[in-house]
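Notes for the structure review
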Amino acid sequence: MGSRFAVESVFWRRFIDSAVLRVPAIFLRPLIWSAAFLFLFAAGRARKSLLRNLGLIRPRSLRLLNYLRVIRVFANFGWSLTDSAAYRILKPRFRYEVESARFLEQLAAGKGGIVLTAHMGNYDLGAALFTERFHRKMKMVRAPEPDALAAQHVDLALQQSSAGAIEVGYSNDGKSLGLELLNDLRDGEIICIQGDRVIGELARIPVRFFDRNVFLPNGPFVLALVSETPIYPLFVVRGGYRKYKIIGREPIVCRRSDGSREEAVANAMRKWARVLEEILVEYWPQWFAFSPLR
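About the criteria used
- Residues numbered from 1 in each chain as written.
- Predicted model: local features only at pLDDT ≥ 70, side-chain atom pairs only at ≥ 80, totals over all residues.
- Heavy atoms only, no water.
- Buried < 20%, exposed > 50% of the residue type's maximum accessible area, 1.4 Å probe, protein only.
- Helix = DSSP H or I, 4+ residues; strand = E, 2+ residues; numbered from the N terminus.
- Pairing = 2+ DSSP bridges.
- Expected span 1.5 Å × (residues − 1).
- Phe/Tyr/Trp six-rings, centres within 6.5 Å; stacked < 30°, edge-to-face > 60°.
- Lys NZ or Arg CZ within 6 Å of the ring centre and 35° of its normal.
- Salt bridge = Lys/Arg side-chain N within 4 Å of Asp/Glu carboxyl O.
- Axes fitted to C-alpha atoms, helices over the stretch in contact; angles between N-to-C directions.
- Left-handed = near helix turned anticlockwise from the far one by under 90°.
- Contact = heavy atoms within 4.5 Å.
- Nonpolar A, V, L, I, M, F, W, Y, C, P; charged D, E, K, R; others polar.

The next subject is the pairing of strand S5 (residues 190–194). For a regular strand, the rule is simple: side chains alternate between the two faces of the sheet. In terms of burial, S5 is largely enclosed, as five of its five residues are buried. Where burial is concerned, the two faces of S5 agree: the one with Ile190, Cys192 and Gln194 and the one with Ile191 and Ile193 are both buried. Here five bridges tie strand S2 (residues 113–117) to S5, and the two strands are oriented parallel to one another. Along S5, the bridge assignment pairs Thr117 with Gln194.

When the terminal C-alpha atoms of helix H10 (residues 261–283) are compared, their 33 Å separation across 23 residues agrees well with the 33 Å that a helix rising 1.5 Å per residue should span. Buried within H10 we find Ala264, Val265, Ala268, Met269, Trp272, Ala273, Val275, Leu276, Glu277, Ile279, Leu280 and Tyr283.

Turning our attention to the packing of aromatic side chains. Taken as a whole and assessed by the stated rule, the structure comprises 15 aromatic pairs. Relative to Phe74, the ring of Phe39 has its centre 5.7 Å away and its plane inclined at 45°; by these criteria the two rings are tilted. Of this pair, Phe39 sits in helix H2 (residues 28–42) while Phe74 sits in helix H4 (residues 63–89), and the two are 35 residues apart along the sequence. Accessibility expressed as a relative area gives 4% for Phe74, which makes it buried. Plain terms: the ring middles of Phe74 and Phe290 are 6.0 Å apart, the flat faces sit at 25° to each other, and that makes the pair stacked. One end of the pair, Phe74, is in helix H4; the other, Phe290, is in the segment after H10, with 216 residues separating them in the sequence. Site record: aromatic cluster; members linked through ring pairs are Phe11, Trp12, Phe15, Phe39, Phe74, Phe77, Phe288 and Phe290. Across the ring face of Trp284, the terminal group of Arg69 is positioned such that the distance to the ring centre comes to 5.5 Å. The ring of Trp79 carries the charged tip of Arg238 above its face, separated from the ring centre by 4.4 Å.

The next thing to look at is the pattern of salt bridges. Applying the stated rule across the entire model yields nine salt bridges. Notably, a salt bridge pairs Asp83 with Arg238, separated by 3.6 Å at the nearest N-O pair. Of this pair, Asp83 sits in helix H4 while Arg238 sits in strand S8 (residues 231–240), and the two are 155 residues apart along the sequence. In this pair, the class of Asp83 matches that of Arg238, namely buried. One salt bridge connects Glu99 with Arg249, and the closest N-O pair in it is separated by 3.0 Å. With Glu99 in strand S1 (residues 95–99) and Arg249 in the loop between strand S9 (243–248) and H10, the pair connects residues that are 150 residues apart, well separated along the chain. On the basis of relative accessible area, Glu99 is assigned to the partly exposed category, the value being 26%. The exposure class of Arg249 is buried, given its relative accessible area of 15%. Shared partners join several salt bridges into a network, and the residues in it are Glu99, Lys245, Arg249 and Glu278.

Counting buried positions over the 10 residues of S8 gives nine, a clear majority of the element. The pairing of S2 with S8 spans three bridges and is parallel. Looking across to S8, one finds that Leu116 is bridged to Pro233. Both S8 and S9 contribute to a ladder of six bridges, which runs antiparallel. Bridge pairing in S9 places Val237 opposite Lys245.

What follows concerns the packing of helix H3 (residues 44–57) against H4. Packed helices, taken two at a time, are described by their axes: the angle between them and the distance between them. One way to put it is that H3 packs onto H4 with a least axis distance of 9 Å and a crossing angle of 115°. In the packing of H3 onto H4, the handedness of the crossing is right-handed. Between H3 and H4, the contacting residues are Ala46, Arg47, Leu50, Leu51, Leu54 and Gly55 on the first element and Arg63, Asn66, Tyr67, Arg69, Val70, Val73 and Phe74 on the second. Grouping the amino acids of the contact of H3 with H4 by side-chain chemistry returns eight nonpolar, two polar and three charged.

Put into structure tokens, the structure is as follows:
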């Protein structure tokens with residue numbers, strides 16, 4: 001599929017915006033599943049990445065079953081984009097429940113924090129719901145979008161859905177972003193980072209993940225160590241029509257007392273990998289890993 005029609009291109013985001021406005025809700029489900037089936041054949045690179053990543057979670061599964069699972073992942077991605085567009089454009093009521101709410105309350109009441117999440121569920125909608133519920137601003141650090149126009153669309157959509165409470169930064173902004181994030185944390189701000197894959201030249205170290213060694217970004221953990229700020233694993237997963245679950249996990253603390261700087265970071269990353277494995281085993285249909293882990 002050409003870059004214009006790639007899974008993460010702005011074409012589909014604009015198409016979904018138009019569909020949310022013009023297509024009756026009853027027709028959205030067959031439309032999304034039809035698109036998911038189309039992507040199985042047309043989005044070759046994304047399909048291969050999903051098959052490889054699903055092989056990590058279900059190594060003994062038949063490859064044919066994983067092809068069917070890929071369709072389900074594409075469908076969930078379509079629902080994620082559709083729900084984000086509906087929330088931004090139509091402002092309908094979304095239902096959501098919170099698992100381990102005490103960790104979210106701790107994050108909202110604390111002086112600074114790093115939210116570590118993954119490319120899954122609907123983290124954009126979750127961030128907007130968090131800022132609305134707790135009246136806290138947030139800086140979201142994202143991997144650069146393959147499509148520059150898609151990046152502009154995402155930035156504008158987040159500003160609109162959060163009433164300006166979410167600021168977006170991109171992980172390829174270099175050292176200046178790291179210093180900016182460190183200052184934000186020291187000022188008591190909340191930043192949100194995706195920690196399940198490495199894009200571009202991001203700093204990385206190998207971690208044992210589903211019985212394989214893969215590279216994951218170590219930037220969030222270095223930030224946590226230097227700023228003495230806890231890391232809050234947080235995931236937002238879809239539970240049904242306009243229904244979501246926000247899942248919190250016990251904060252990960254990166255301490256110098258755990259040994260050298262390298263040992264402290266590696267230890268914290270191992271804890272993150274275990275949390276991520278636990279979530280992905282249960283919610284693999286919502287892991288939008290369209291790039292392979294390396």
